[in-house]
Amino acid sequence: MREEGLAPAPSAPVRETAAASVKTAAAARAHARTVVDARWDPSTRPAREEDVIDLLLVVSELVANALRHGGGLAGFEMTPVRDGIRLAVRDHSDAVPAPVGGPGPGPAGHRVGGYGWPLVVRLARDITIEKENGGGKTITLFVPIRTADRPD
């Protein structure tokens, strides 16, 4: 059965590995847009733009963090699924992002980090961080993508 507005689902998820072409956050965002447009037909039932913006923010933050804090980008993979995108970003560092606290300000005079990781935690689901044998880590997560509603 085909869900209206979506490309036919492959029998197994297609992984869009772009490690060779993705070297910057801008290249990662461009690749993400291409993957979304291939999965959600922009001419008939496109993805909701606010969901795509969330995905682009998550992609940008993870790649930028890998480049700034993770010793470089070691892998970048996107897998479109029926209701969103599964993303895996690998870097060369064993250090994991600091846990994000609840709502409200942190302790006075204590800065845990920037805005990027809390943004990722807010916009993504099913976040896992796995340390790799031989060093580095992979952050894997899911970003939901809904089909845009079109007025009749």
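Being a predicted model, the structure only gives us computed values, none of them experimental.

**Describing the side chain of Asp51**
Thought 1: Mapped onto the fold, Asp51 is located in helix α2 (residues 49–69).
Thought 2: Taking the relative accessible area as the measure of exposure, Asp51 reaches 4% and is therefore buried.
Thought 3: With residues near it in sequence (within four places) discarded, Asp51 still touches Val143, Pro144, Ile145 and Arg146.

**Some remarks on unusual backbone geometry**
Thought 1: Phi at Asp126 takes a positive value of approximately 50°, unusual for a residue other than glycine.
Thought 2: Checked against the element boundaries, Asp126 lands in strand β4 (residues 125–131).

**Description of α2**
Thought 1: The terminal C-alpha atoms of α2 lie 29 Å apart, and with 21 residues this matches the ideal 30 Å at 1.5 Å per residue to within 8%.
Thought 2: Of all the positions in α2, only Asp51, Val52, Leu55, Leu56, Val58, Val59, Ser60, Leu62, Val63, Ala64, Asn65 and Ala66 are classed as buried.
Thought 3: Looking at the buried positions of α2, the neighbouring elements they touch are α1 (25–39), β2 (73–81), β3 (84–91), α3 (116–123) and β5 (137–144).
Thought 4: The first or second residue beyond α2 is Gly71, which carries a positive phi of 75°.

**Here we look at the packing of α2 against α3**
Thought 1: The contact between α2 and α3 brings their axes to 9 Å, and the two run at 140°. On the basis of the axis angle, α2 is oblique to α3. Considering how the two elements wind past one another, α2 and α3 form a crossing that is left-handed. Note on element contacts: α3 touches α2 through Gly116, Trp117, Leu119, Val120 and Leu123, opposite Asp54, Leu57, Val58, Glu61, Leu62 and Asn65.
Thought 2: Its residues assigned to classes, the contact of α2 with α3 comprises seven nonpolar, two polar and two charged.

**Let's talk about the packing of α1 against α2**
A pair of packed helices can be characterised by two numbers: the angle between their axes and the separation between those axes.
Thought 1: α2 packs onto α1 with a crossing angle of 145° between their chain directions and a minimal axis gap of 9 Å. The two elements α1 and α2 cross, and the hand of that crossing is right-handed. Contacts between α1 and α2 pair Ala25, Ala28, Arg29, Ala32, Arg33 and Val36 from the former with Glu49, Val52, Leu55, Leu56, Val59, Ser60, Val63 and Leu67 from the latter.
Thought 2: Along the lines of polarity and charge, the residues of the contact of α1 with α2 split into ten nonpolar, one polar and three charged.

**Some remarks on the pattern of salt bridges**
Thought 1: Across all of its chains, the model carries five salt bridges by this definition.
Thought 2: The salt bridge involving Glu49 is made with Arg33; its shortest N-O contact spans 2.8 Å. In this pair, Glu49 sits in helix α2 while Arg33 sits in helix α1, placing the two residues 16 residues apart along the sequence.
Thought 3: Classification of Arg33 as partly exposed rests on a relative accessible area of 28%.
Thought 4: As a salt-bridge pair, Asp126 and Arg86 come within 4.0 Å of each other at their nearest N and O atoms. Here Asp126, found in strand β4, pairs with Arg86, found in strand β3; they are 40 residues apart in sequence, far enough to count as distant.
Thought 5: The exposure class of Arg86 is partly exposed, given its relative accessible area of 38%.

Here is what the cut-offs are and how they apply
Residues numbered from 1 in each chain as written. Predicted model: local features only at pLDDT ≥ 70, side-chain atom pairs only at ≥ 80, totals over all residues. Heavy atoms only, no water. Helix = DSSP H or I, 4+ residues; strand = E, 2+ residues; numbered from the N terminus. Buried < 20%, exposed > 50% of the residue type's maximum accessible area, 1.4 Å probe, protein only. Contact = heavy atoms within 4.5 Å. Expected span 1.5 Å × (residues − 1). Axes fitted to C-alpha atoms, helices over the stretch in contact; angles between N-to-C directions. Parallel < 35°, antiparallel > 145°, perpendicular 65-115°, else oblique. Left-handed = near helix turned anticlockwise from the far one by under 90°. Nonpolar A, V, L, I, M, F, W, Y, C, P; charged D, E, K, R; others polar. Salt bridge = Lys/Arg side-chain N within 4 Å of Asp/Glu carboxyl O.

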